[in-house]
Amino acid sequence: MMWVILLGPPGAGKGTQAQALSSRHGWLHLATGDLLREAVTQETSLGKEAAVYMKQGTLVPDRIIIGLIQERLSSSAVIAGCLFDGFPRNLSQARELDRVMQQQGRGLDRAISLEVNGEALVRRLTSRRVCGRCHRVYNLLTNPSKAGDRCESCGEDLQQRADDDEETIRRRLAVYREDTEPLKDHYKHQGILSVISGDASPEEVGERIEDALGRPSPGR
Ligand code: AP5
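Since this is a predicted model, take the numbers as computed values, not measurements.

(A) Structural view of the overall build of the protein. Helix and strand counts for the protein stand at 9 helices and 8 strands. In terms of overall size, the protein behaves like a compact globule, its C-alpha atoms giving a radius of gyration of 17 Å where 220 residues would be expected to give roughly 17 Å. With respect to the principal axes defined by its C-alpha atoms, the protein has extents near 45 × 45 × 35 Å. In the protein, which comprises 220 residues, the share counted as buried stands at 46%. Long-range contacts, defined as pairs at least 24 residues apart, comprise 69% of the intrachain contacts of the protein with a sequence gap of at least 6. Accessible surface for the protein amounts to roughly 11,000 Å². Of this, 48% is attributable to carbon and sulfur atoms. Averaging the coordinates of the 30 positive side-chain charges in the protein and doing the same for the 31 negative ones gives two points 1 Å apart.

(B) Representation of the sheet that holds strand β5 (residues 128-131). The 3 strands lie next to each other as β6-β5-β7, forming an open sheet whose pairing is antiparallel. Sheet topology places β6 (137-139) and β7 (158-159) at the edges, where each strand pairs with a single neighbour. In terms of strand pairing, β5 meets β6 through 3 bridges, oriented antiparallel. Paired with Arg129 across the two strands is Tyr138, which belongs to β6.

(C) Main features of the packing of aromatic side chains. Enumeration over the complete set of coordinates arrives at 2 aromatic pairs. Judged by centre distance (5.9 Å) and plane angle (50°), the ring pair of Phe84 and Phe87 falls under tilted. The exposure classification of Phe84 matches that of Phe87, with both residues buried. Through a chain of ring-to-ring contacts, three or more aromatic side chains come together here, namely Trp3, Phe84 and Phe87.

(D) Region of the structure containing the pattern of salt bridges. Across all of its chains, the model carries 18 salt bridges by this definition. Note that Lys184 and Glu115 form a salt bridge whose closest N and O atoms lie 3.1 Å from each other. Note that Lys184 is positioned in helix α8 (residues 183-189) and Glu115 in strand β4 (residues 110-115), a separation of 69 residues in sequence. In this structure Lys184 comes out as buried when scored by relative accessible area, which is 17%.

(E) Structural view of the packing of helix α1 (residues 14-25) against helix α9 (residues 202-213). Remark: α1 packs on α9, axes separated minimally by 10 Å, with the N-to-C direction vectors making an angle of 60°. For the element pair α1 / α9, the angle class is oblique. The handedness of the crossing between α1 and α9 is right-handed. When α1 is examined against α9, the residues Thr16, Gln17, Leu21, Arg24 and His25 are found in contact with a partner set consisting of Pro202, Val205, Gly206, Ile209, Glu210 and Leu213. Here the contact of α1 with α9 is built from residues that sort into 5 nonpolar, 4 polar and 2 charged.

(F) Expanded view of the site of the ligand. The ligand sits among 35 residues. The nearest are Thr16, Thr58, Arg128, Arg172 and Ala200. Gly13 has a polar backbone atom sitting 3.1 Å from an oxygen atom of the ligand. Separating an oxygen atom of the ligand from a side-chain N or O atom of Arg161 is a distance of 2.9 Å. When the free accessible area of the ligand is taken as 1,000 Å², the share hidden by the protein chains comes to 95%. Breaking the shell around the ligand down by element, the ones donating at least two residues are α1, α2 (32-41), α6 (118-126) and β6. Among the elements that make up the shell around the ligand, the one with the highest residue count is α2 (4 residues). Split by residue class, the shell around the ligand holds 14 nonpolar, 13 polar and 8 charged.

(G) Layout of the nonpolar core. Among the nonpolar cores identified, the biggest contains 28 residues, and Leu73, Phe84, Leu108 and Tyr187 are the most heavily contacted of them. Of all the elements in the fold, those that place two or more residues in this core are β1 (2-7), β2 (28-31), α2, α3 (45-56), α4 (62-75), β3 (81-85), α5 (91-103) and α8. The element contributing the most residues to this core is α4, with 5 residues. Setting aside chain neighbours within four positions, we find Leu73 in contact with Trp3, Leu28, Leu30, Val78, Cys82, Phe84 and Val100. By size, the runner-up hydrophobic cluster in this structure holds 21 residues, among which are Leu114, Val122, Leu173 and Ile196.

Parameters at a glance
- Residues numbered from 1 in each chain as written.
- Predicted model: local features only at pLDDT ≥ 70, side-chain atom pairs only at ≥ 80, totals over all residues.
- Heavy atoms only, no water.
- Helix = DSSP H or I, 4+ residues; strand = E, 2+ residues; numbered from the N terminus.
- Rg over C-alpha atoms; globule rule 2.2 N^0.38 Å.
- Buried < 20%, exposed > 50% of the residue type's maximum accessible area, 1.4 Å probe, protein only.
- Contact = heavy atoms within 4.5 Å.
- Areas by Shrake-Rupley, 256 points an atom, 1.4 Å probe, with all protein chains shown as cover.
- Lys, Arg positive; Asp, Glu negative; His and termini not counted.
- Charge placed at Lys NZ, Arg CZ, Asp CG, Glu CD.
- Pairing = 2+ DSSP bridges.
- Phe/Tyr/Trp six-rings, centres within 6.5 Å; stacked < 30°, edge-to-face > 60°.
- Salt bridge = Lys/Arg side-chain N within 4 Å of Asp/Glu carboxyl O.
- Axes fitted to C-alpha atoms, helices over the stretch in contact; angles between N-to-C directions.
- Parallel < 35°, antiparallel > 145°, perpendicular 65-115°, else oblique.
- Left-handed = near helix turned anticlockwise from the far one by under 90°.
- Nonpolar A, V, L, I, M, F, W, Y, C, P; charged D, E, K, R; others polar.
- Near = heavy atom within 4 Å.
- Polar contact = N/O pair within 3.5 Å; in protein donor to acceptor, adjacent residues only side chain to side chain.
- Core = buried A, V, L, I, M, F, W, Y, C linked by side-chain atoms within 4.5 Å.

As structure tokens, then:
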């Protein structure tokens, strides 16, 4: 069983890689951004509160995030492993995750940091389209849907995320540098950090991640 964190700035490819890894290995994919967007769509009270922060490109308060993670971990069976995508996002969330792992009598196996330069990230995010139902990720320039403006997997209309306008993207990048990037040191000290360039095709990046996890890559 593996417990893995995917770190990296907005647009680095965390969601793209997490979907492929979790379906390949049967891991639980825990993406706080997706959980929050579901709550926003359903207009729950949590969703209404979170939407204000997400629209601005700032972090949603820790008490909401930690509640979401605890609820999802207690209601889902983690059989082969768990992949955290977009969590933790600051030191207090990382310490909370350390505490949860300790309670379970185990540690995290690896923290993968995907690195891509800032202007490439802005290009990727302004051309991203996502499926509102199954969360599959596309890109108008590099990975368009074969079904046009619908999802290839489930047929739902594709959408542009509310926080994918250029001004909000730049704020999200600044928040990442300020609050999330310091987590690399936290996991370096734990001896589990792997820094990987995300500036290659998704397939190549996937192979780099598999190498870092010490598993054979698909097709090898
Ligand atoms: P979240 O949903 O987590 O967004 P993010 O971290 O900003 O990351 P993204 O989803 O934008 O990018 P990604 O790295 O997953 O890239 P993707 O694979 O889609 O968070 C959104 C908001 O929710 C936050 O701002 C915050 O408000 C809140 N939030 C979430 N978690 C929180 C937490 N823990 N605490 C507090 N607040 C929280 O790829 C991007 C594009 O690039 C796609 O079009 C894709 O097709 C393309 N692409 C992917 N890989 C490649 C490649 N190798 N080459 C070329 N193109 C590629």
